[in-house]
Amino acid sequence: MHWADHTAQTLRDRGGSQVIASGITPSGEFHVGHLREILTAEMIHRACLDAGMDSRYIFIVDSMDPLRRIYDFLAPSYEQYIGHPLAYIPAPGPDGEPDPDGGSYAEHFLGPFLEALREIGVEPEVVMNHETYESGAFADKTHSAIEQRDEVRQVIEEVSGREVPEDWFPYNPLGSDGSLDGVRVTGYEHPHVHWVDSHGVEGTSDIRTGQGKLPWRIDWAARWGIHGITCEPAGKDHGAAGGSYDTGIPICEMLGSQPPHKMVYEWIQLKGMGPMSSSTGVTVGPMDALGLVPPEIMRYVIARGKVGRHIDFDTGPALFQTADEYERLVAEPPRGSDDDLSRRQQVARDTQLAALRLSQVERGSDPADSIAGVSFRHLAMLAQIKSNDDDVWDSLRRSSHLDGEPSDALTGRMRRMRNWVDGAHFPDAAKIVVQSSVGEEAHANLTEAHKEFLSALSKALADCEWTDAVIADCIRATIAEVGIGGRDAYVALYWAILGKHHGPKASSLMAEMEGEHLLSLISET
RNA sequence: GGGCCUGUAGCUUAGUCAGGUAGAGCGCCGGGCUUUUAACCCGGUGGCCGUGGGUUCGAAUCCCAUCAGGCCCGCCA
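Here the structure is a predicted model, which means the values were calculated and not measured.

Another aspect to go through is the sheet that holds strand β2 (residues 55-61). The strand order across the open sheet formed by three strands is β1-β2-β3, and the pairing between neighbours is parallel. The open sheet terminates on both sides in strands that have one partner only, identified here as β1 (18-24) and β3 (125-128). Taken pair by pair, the neighbouring strands of this sheet meet at an average axis angle of 30 degrees, ignoring direction. The pairing of β1 with β2 spans seven bridges and is parallel. Looking at β2, one finds that Val19 is bridged to Arg56. Contacting β1, β2 and β3, helix α7 (residues 216-227) runs over the sheet at an angle of about 145 degrees to β2.

With an omega dihedral of 0 degrees, the bond running from His190 to Pro191 counts as a cis peptide bond. Along the chain, Pro191 turns up in the loop between β5 (184-189) and β6 (192-196).

Another point: the packing of helix α2 (residues 32-50) against helix α12 (residues 295-304). At a closest axis distance of 10 Å, the pairing of α2 and α12 adopts a crossing angle of 75 degrees. Classified by the angle between their axes, α2 and α12 sit roughly perpendicular to one another. Each of Leu35, Arg36, Leu39, Thr40, Glu42, Met43 and Arg46 in α2 lies in contact with α12, whose residues at this interface are Met298, Arg299, Ile302 and Ala303.

By nearness alone, 44 residues border RNA strand B, and His31, Lys306, His401, Gly486 and Arg487 come closest of all. Near the protein, meaning within 4 Å, the atoms of RNA strand B are sugar or phosphate in a fraction of 58%, with bases accounting for the rest. Within the side chain of His238, a nitrogen or oxygen atom sits 3.0 Å from a sugar or linking oxygen of RNA strand B. Residue Arg309 places a side-chain N or O atom 2.8 Å away from a phosphate oxygen belonging to RNA strand B. Among the elements of the structure, α2, β9 (234-235), α8 (236-239), α13 (318-331), α16 (376-385) and α22 (486-498) are those that each provide at least two residues to the surface near RNA strand B. At five residues, α22 tops the list of elements feeding residues into the surface near RNA strand B. By residue class, the composition of the surface near RNA strand B is 14 nonpolar, 16 polar and 14 charged.

Cut-offs applied
Residues numbered from 1 in each chain as written. Chains lettered and ligands numbered in written order. Predicted model: local features only at pLDDT ≥ 70, side-chain atom pairs only at ≥ 80, totals over all residues. Heavy atoms only, no water. Pairing = 2+ DSSP bridges. Helix = DSSP H or I, 4+ residues; strand = E, 2+ residues; numbered from the N terminus. Axes fitted to C-alpha atoms, helices over the stretch in contact; angles between N-to-C directions. Contact = heavy atoms within 4.5 Å. Parallel < 35°, antiparallel > 145°, perpendicular 65-115°, else oblique. Near = heavy atom within 4 Å. Polar contact = N/O pair within 3.5 Å; in protein donor to acceptor, adjacent residues only side chain to side chain. Nonpolar A, V, L, I, M, F, W, Y, C, P; charged D, E, K, R; others polar.

Put into structure tokens, the structure is as follows:
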């Protein structure tokens, strides 16, 4: 059984309606790991829905988290905001300086993030954590945590093996300058926390407002109860023994709620093109990745793997493999009745079908629609030899891959394909490079029969209409005339034009070439 | 120091929880396709299941040890 379906079963046994959650800090750096976080949770949510269960998927934005440091894209002036919640500081402008008209820092990065998620079919209920604080929803849990301060401390020390400082307090107030750093709690009278900040200023925070927040390990445990979260997949940093998941579970119970089903996923990494991307300086953000990779393939990468298994997401040659695999699965979904299959085959069949189902951008849609009738490889070829999209659609109509106007799925695929083909990640081996002159290797591989054919072809092409179809006819006629094997004829052409023994449809390729150059190549032999 | 994940064919991997003769896809090789959408079809090659022990009638699977890679234990998924 697929992990998402299996988790849904486990949650069903827990009973009640499900709330699946993800949480991400909008510090600005949106990376592929976030995609795994989001998709793992969202697929479980879908699996619950598919199983006929009640389920919601919420995305908690850690907007109350403070700015930790000055990232590369931030101006030094952000120094003044370190320690301030991301919801309450200004977004950076294009120059990295705080932009007074740019809205909040958290919102600024959230917008494009949500847009990217929509592209891969994820539309969560968004919860801004700072609003939850402002609404007072954290107040009861906060009070409870403060009351049980020693017990909470004990859990953290025992489970994490870490020593908690003497002046530790399970609530972190905002100081007089709006920073969470360096504020020391001096007393508590429900619902007020008294403090003195790093400037020596004394003040009071009301736990029913956004005047402070819970430390991470408690915040997480508290929100599980507040939102009724039943499952929140977490990265292995949180899932490690003694990590925040392990402290969160008992703390959640101490605060009077049932903790969610623990689930820990391994990391995903973007493996750039061939050589080490660090040395070439080529890196890929997930936004870039989504600009290259069809959304259903992105989902498939997550859906086909196991949660506990490390994923190297390769935007180089392996992308062809992944796309091939996906397309094969769509074209020939595993079939067979239980009677005909071994137990193992049944499991493989069900897992693959589920992976395919969960890879669809739109839940419940036909996987065949995602491919839009054209293979990824074929599109890669067309994107290289046809510079104009309309010519691509024409070509597809002639080859009866397309009827009428291209679908959104197809134009989307084409847009991303062009990004890929034109970018640094596209594998050299897949590049169609027309030779400037016939190379040595090509010469060595051409037989007399080959040369005879090419010579005849160059004459035939000399005054032929320069379209795909006419060129194709011309090639066929020449093959018949010379009496060469069809395979051999094309091999000769590919050697002369590309310096390889195979290639994309020859006539399409030739029609895109300049006639004179083509003739010089094939007559050169 | 403590902990987690992974190691099966050239590559990607299924099978490990409930032990019973190692499955698949890709690649590769051969053949076919009256003749190229890097296609398609058929056949074939290929694995002391990281290593060493143990338990067992029987171990990829359970136990112990060990090696290798990745990672966490600083609020980076």
